[in-house]
Every structure is written in C-alpha cells, then in structure tokens.
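# An overview of the molecular structure
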Amino acid sequence: MGQTFTLGTDEEYRVAAVVDDFKARSVSQPNPLLFLPEDKLYLYGSPRIAFRIRDDLSVTRFMEEFQREMRSRLLIGNYYFLRLEDFHTIRTKSEYLLGATNTLRRQSGMTLFFLLSVFLGVSGTFWVRSTSRRGEIGLVVAMGSTRKRIRRNFLLESWVLATTAWAIGMVFVLQKVYSTGFAYADKAVYPESMNSIYMQNQPVPHFLVVSLIVYLLLIGIAFIATWVPAARAASTPPAGALRNE
C-alpha cells in the first residue's frame, strides 16, 4: 500500500487498500479487480449503488433496517429507492441469465447418471457371477473358508476391475489434456484467461487431484455395488449349493 501507478494516462493513483480475491460469479475464477475513485456520480437509467458491510454484521438485519429507515430519505426528484438485494441474490440471477446455472445442472445430472450406471453395471455383474459360482462358493465354504473371506475376495475382484477401468480411462483423459493445450497452461500459453496461482490452472496438480477424486468415487461406488452380491454369496449354505450343482 502507498505505492503509485498509472493506467495508460498521466494521472497517478495511490494504492489505499488491498482486498482479498473476489469472485463475481461462483462458477468463475477470481479475476484482477481494481476500484478507482469517481469524481462525480452520474445517474443514468437505474443506477446501482453497492454497500460493503462489516463481516460481523448480519446481511438480513442490515437490509431490513436500511429499507425501513432510508426509503423515505432516498427520494430525490425523479430518483427513488427501488429495492435492496444482497450480492448472493444478484449473482444467482446473473448466473441463471448467463446459462451457468443450467450448465451446472446438466453437468451434475450427467455425473449422477454416470455414477448410477457404474453402480448398476458393477452390481449386475457380480450378481450374475455370484449366482453362476454358487457351487464353487459352496465348496469353498465346505472346506472351511469363512464368509468374511468370501466377501473380501469379491471386493478384491471389484477393486481390480475398477482400477483397471480407471487406468484405461486416465490414458484417454491425458490425451485430452494435451490435445486441448491445458498441459502447457503453466507456461503462460493463456496468460490473460488463466492465473497460474490457482491449483486448477496448474496441469500436474490439477490432473493428479482430479484423477484421485475420480478413482476414489469409482472404488466407493464399486464396493457399495459389490457388497450386496458378495454378502448374498457368502451366506449361501454349502449343502444347498453343492446339491444344486
């Protein structure tokens, strides 16, 4: 603070304060933001005036008191107090009008559909396998194997399948990272639109973290989907299973 700078003109500005990172929209990254003083307030159309309140002050309480006490005072000529909205409401409306809300809903729906498809696929696969291997499972139980061990074997098979599918998928994801140019983002290929300070703009940490999250989700879904068929197979009476064979 206290340093001076210019913005393409001879007029100098002095840094009075520094604010934290500011996100105009919840779906975007913080961008460089500069507050400059205005010599005059030009009131054209429907002007908007922003108030910054203390962190320990309730937004709802401030809005109620402001509208009750200031509505009659903010009546100057043709200008009058119309409404007071908090920043969260304004941002929500802006994101909806720009289509960001629909995009998030569509992406969330696709993610849920993908996870449900994985769950049904894994559950169906191991349900069929447990049914077709009833004789084998009954024989293993008759030879002294515990139900816990049978469940563990099914979960181990599920882990191998999920890990193999994840590894194959990551190969295609890595190709996508290079084809879109994101792999070179840390070398300032997009200096105006991407800030390398944030981890999501750093290719290696971003790829590793996202890959780990996807892997944990797949493993979790696979284990949940496998648990019911595995428990059913482990509870198979050995005599009945061998007699059916």
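What counts as what
- Residue positions are given per chain, counting from 1 as you read along its sequence in written order.
- Totals for whole chains, interfaces and linings use all residues, but because this is a predicted model, local features are given only for residues with pLDDT of at least 70 and pairs of side-chain atoms are given and counted only at 80 or more.
- In computing side-chain values, all of the structure's heavy atoms are included and hydrogens and water are not.
- In this analysis the probe radius is 1.4 Å and the grid spacing 1 Å, with only protein atoms considered; a cavity is a set of points the probe fits into but cannot get out of, a pocket is an open set with protein on both sides within 12 Å along at least five of seven lines, and lining residues have an atom within 4 Å of a point.
- Grid points are joined across faces, edges and corners, and a volume is the space filled by probe spheres set on the points.
- Note on residue classes: Ala, Val, Leu, Ile, Met, Phe, Trp, Tyr, Cys and Pro are nonpolar, Asp, Glu, Lys and Arg are charged, and everything else, Gly too, is polar.
- By nonpolar core we mean a set of buried residues, namely Ala, Val, Leu, Ile, Met, Phe, Trp, Tyr and Cys, connected to one another through side-chain atoms within 4.5 Å.
- We call a residue buried when its accessible area falls under 20% of the maximum for its residue type, exposed when it is over 50%, and partly exposed in between, using a 1.4 Å probe and counting protein chains only.
- Strands are runs of DSSP state E lasting at least two residues, helices are runs of H or I lasting at least four, and both sets are numbered from the N terminus onward.
- Whether two residues are in contact is decided by their heavy atoms, any of which lying within 4.5 Å being enough.
- Whenever a nitrogen or oxygen atom comes within 3.5 Å of another N or O atom, the pair is scored as a polar contact, on the condition that within protein one atom can donate a hydrogen and the other can accept it, and that pairs from neighbouring residues in sequence are kept only if both atoms are in side chains.
- In what follows, salt bridge is the name for a side-chain nitrogen of Lys or Arg lying within 4 Å of a carboxyl oxygen of Asp or Glu.

This next bit is on the layout of surface pockets. Taken as a whole, the second largest pocket holds about 480 Å³ of empty space. What lines the second largest pocket is a set of 21 residues, and nearest its centre among them are Ala 17, Val 19, Leu 33, Leu 34 and Phe 35. Along the lines of polarity and charge, the residues of the lining of the second largest pocket split into 16 nonpolar, two polar and three charged.

Now for the nonpolar core. Membership of the largest hydrophobic core comes to 17 residues, with the highest contact counts inside it found for Val 118, Val 122, Ile 137, Ile 150 and Phe 154. Listing elements by their share of this core, those giving two or more residues are helix 3 (100–132), helix 5 (147–179) and helix 6 (203–234). Broken down by element, the residue count for this core peaks at nine residues, all from helix 6. Not counting residues within four places of it along the chain, the set of residues in contact with Val 122 comprises Ser 158, Ala 222, Ala 225 and Thr 226.

Our focus in this paragraph is the side chain of Thr 163. Positionally, Thr 163 belongs in helix 5. Within polar-contact distance, the side chain of Thr 163 engages the side chain of Tyr 215 at 3.1 Å. If we skip the residues at most four places from it in the chain, Thr 163 touches Tyr 215 and Ile 219.

On to the pattern of salt bridges, then. Inspection of the entire model under this criterion finds two salt bridges. Among the salt bridges present, the one from Asp 56 reaches Arg 54, with a minimum N-O distance of 3.1 Å. Look at Asp 56 and you get exposed, because its relative accessible area is 66%. A relative accessible area of 54% means that Arg 54 is categorised as exposed. Arg 61 is the partner of Glu 65 in a salt bridge, and the nearest nitrogen-oxygen pair spans 3.0 Å.

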